[in-house]
Amino acid sequence: MTRSPAAAAATDLPDPFAALMQITSRPSVVFTEGRGSWLRDEDGKDYLDFIQGWAVNCLGHCPDAIVAAMMTQAGRLINCSPSYYNAPMIRLAELISRHSGLDQTFFTNSGAEANEGAIKLARKWGETQRAGAYEIITMDHGFHGRTLATMSASGKPQWERLFEPKVPGFPKAGLNDLDSVERLIGPNTVAVMLEPIQGEAGVFPAANEFLRDLRELTRREGLLLILDEIQTGIGRTGTFFGFEHAGIAPDIMTLGKGLGGGIPLAAMVAHRDVCCFAPGDQGGTFNGNAFSTAVGCAVMEEIAKPGFLATVVQTGLYLSASLEGLSRRHHGGGVRGKGLLLALDLAREIGPDVAAKAFQRGLLINAPRADTLRFMPALTVTRDEIDHMIGILDQVLADMAA
Ligand code: PLP
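Residues numbered from 1 in each chain as written. Predicted model: local features only at pLDDT ≥ 70, side-chain atom pairs only at ≥ 80, totals over all residues. Heavy atoms only, no water.

(A) Region of interest: the packing of aromatic side chains. Enumeration over the complete set of coordinates arrives at 6 aromatic pairs. Ring geometry for Phe31 versus Phe359: centroids 6.5 Å apart, planes at 85 degrees, classification edge-to-face. Taken together, the residues Phe31 in strand 1 (residues 31–35) and Phe359 in helix 11 (residues 351–360) connect sequence positions 328 residues apart. Taken together, the aromatic side chains of Phe31, Tyr47 and Phe359 make up a single cluster linked through ring pairs. (Phe/Tyr/Trp six-rings, centres within 6.5 Å; stacked < 30°, edge-to-face > 60°. Helix = DSSP H or I, 4+ residues; strand = E, 2+ residues; numbered from the N terminus.)

(B) Up close: the packing of helix 3 (residues 64–74) against helix 9 (residues 290–303). As a packed pair, helix 3 and helix 9 sit with axes 9 Å apart at the nearest point and diverge in direction by 150 degrees. When the interaxial angle is binned, helix 3 and helix 9 end up roughly antiparallel. Every pair of crossing elements has a handedness; the one defined by helix 3 and helix 9 is right-handed. Within the contact between the two elements, helix 3 uses Ala65, Ile66, Ala69, Met70, Gln73 and Ala74 and helix 9 uses Ala290, Phe291, Ala294, Val295, Ala298, Val299 and Glu302. (Axes fitted to C-alpha atoms, helices over the stretch in contact; angles between N-to-C directions. Parallel < 35°, antiparallel > 145°, perpendicular 65-115°, else oblique. Left-handed = near helix turned anticlockwise from the far one by under 90°. Contact = heavy atoms within 4.5 Å.)

(C) A look at the nonpolar core. Ranked by size, the top nonpolar core spans 70 residues in total, and within it Phe50, Ile303, Phe375 and Met389 carry the most contacts. In terms of residues, this core owes the most to one element, helix 12 (residues 383–401), which gives 7 residues. Counting the residues that make up this core, at least three belong to each of domain 1 (27–56 + 307–401) and domain 2 (64–303). With 20 residues, the next largest nonpolar core counts Met193, Ile226, Met268 and Val274 among its residues. (Core = buried A, V, L, I, M, F, W, Y, C linked by side-chain atoms within 4.5 Å. Buried < 20%, exposed > 50% of the residue type's maximum accessible area, 1.4 Å probe, protein only. Domains from an automatic or database assignment.)

(D) Examining the site of the ligand more closely. Taken together, 13 residues are adjacent to the ligand, and Gly111, Ala112, Asp228, Gln231 and Lys257 come closest. Here an oxygen atom of the ligand sits 2.8 Å away from a polar atom, N or O, in the main chain of Ala112. Here an oxygen atom of the ligand sits 2.8 Å away from a polar atom, N or O, in the side chain of Gln231. Considering every element that reaches the shell around the ligand, the biggest residue donor is helix 5 (residues 111–129), with 3 residues. Grouping the constituent residues of the shell around the ligand by class yields 3 nonpolar, 6 polar and 4 charged. (Near = heavy atom within 4 Å. Polar contact = N/O pair within 3.5 Å; in protein donor to acceptor, adjacent residues only side chain to side chain. Nonpolar A, V, L, I, M, F, W, Y, C, P; charged D, E, K, R; others polar.)

(E) Quick look at the domain arrangement of the protein. What the domain assignment lists for the protein is domain 1 (27–56 + 307–401) and domain 2 (64–303). At the junction of the two partners, domain 1 supplies 23 residues and domain 2 supplies 27 residues. Roughly 2000 Å² of surface becomes buried between domain 1 and domain 2 when both sides are summed, with 59% attributable to carbon and sulfur atoms. Together, Val56, Lys338 and Leu341 form the three largest contributors to the area buried by domain 1 at its contact with domain 2, with a combined 31%. Put simply, domain 1 and domain 2 have 2 salt bridges between them. A salt bridge links Glu200 to Arg374; its shortest N-O distance comes to 2.9 Å. Inspection of the domain 1/domain 2 interface yields 9 residue pairs in polar contact (both at pLDDT 80 or more). Sorting the residues of the side of domain 1 that touches domain 2 by element identifies helix 2 (52–55), helix 10 (308–329), strand 13 (334–338), strand 14 (341–345), strand 16 (366–369) and strand 17 (372–375) as the ones contributing at least two each. (Buried area = accessible area lost by both parts, 1.4 Å probe. Salt bridge = Lys/Arg side-chain N within 4 Å of Asp/Glu carboxyl O.)

The structure is reproduced here in structure tokens:
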């Protein structure tokens with residue numbers, strides 16, 4: 001790989017990374033291949049992947065079902081403009097409706113864009129149904145994306161002073177604190193929006209009872225309930241969608257990450273009573289293109305296969321029990337989460353160090369907080385792979401204690 005002299009002069013990064021804008025610190029490794037739970041770098045070293053593109057590659061790297069769907073659709077039709085229907089777009093919307101019980105879908109390319117769509121739909125609904133109400137109550141420590149509105153909706157403390165001024169209209173309540181939500185409801189309130197499990201914050205679940213109470217409260221007050229299922233949806237927690245654990249249904253739900261299994265694809269899905277966009281209110285060049293929605297269909301069909309979700313539940317229990325053992329052996333603070341979205345409380349601020357040392361030993365693992373490791377493997381991860389991962393973390397934690 002060569003670098004352009006201009007790019008090299010602009011930074012002091014080593015060849016060949018200088019031409020890339022630095023938005024995160026990356027190890028000097030270049031991945032060239034992936035299969036299932038494994039990645040290989042350009043030197044032929046293998047890595048076990050428990051990040052999977054941040055809970056994106058739900059079927060692992062390069063799964064046969066996705067590769068076949070891409071090959072077939074690429075030879076048939078890639079894109080024909082969102083001004084026209086295409087066959088996979090229709091089929092995927094139907095599949096999402098069938099499994100979620102919601103009625104209509106708007107496709108996007110990223111989770112943030114899906115959440116922007118949800119915010120706009122709620123504001124449009126507020127304009128027509130609630131005398132111009134526009135405020136959406138969101139949660140402290142919530143994460144909804146990196147556009148200006150979704151950063152404003154997020155409750156990430158590190159973002160408080162970033163890219164000011166924020167988009168107004170997102171008062172913050174506390175997760176699992178119904179009173180704090182109730183106190184914020186006023187004449188301008190149109191909706192409450194949250195993640196069933198706060199993933200980026202470090203895997204903090206909304207309690208089932210809190211979600212049920214919120215559903216009841218929003219119904220009573222005539223407000224919309226918006227669930228951001230971008231990380232929890234598409235089988236991640238052992239059910240198709242995270243809200244199923246609480247036995248409730250949202251008015252609007254957003255999906256992303258796993259929906260495309262690695263291809264940029266996200267969606268905003270809503271109950272028919274809320275679908276109030278008029279032509280021209282919402283759109284986007286790549287929305288619902290045939291190629292990505294064909295991949296979405298392949299993903300949904302795999303997850304819907306008999307036994308798939310039951311296996312995710314069993315594998316999740318195995319991972320959880322294995323992490324509990326690790327926690328006991330190394331004086332951790334236990335395990336949080338559901339299905340295959342789990343966190344290990346390390347009980348001390350060594351997360352980034354553990355992740356860096358695990359990487360050297362061939363394991364990709366994420367530390368969303370200084371005291372936490374997050375586990376979001378492929379939904380197809382095997383028990384042997386879990387054992388292998390635990391073995392690496394055992395070694396890393398023992399070395400660090402020595
Ligand atoms: N919402 C949640 C719950 C997320 O976890 C994320 C990404 O991590 C997003 C929204 C943003 O999605 P994207 O990065 O695809 O814009």
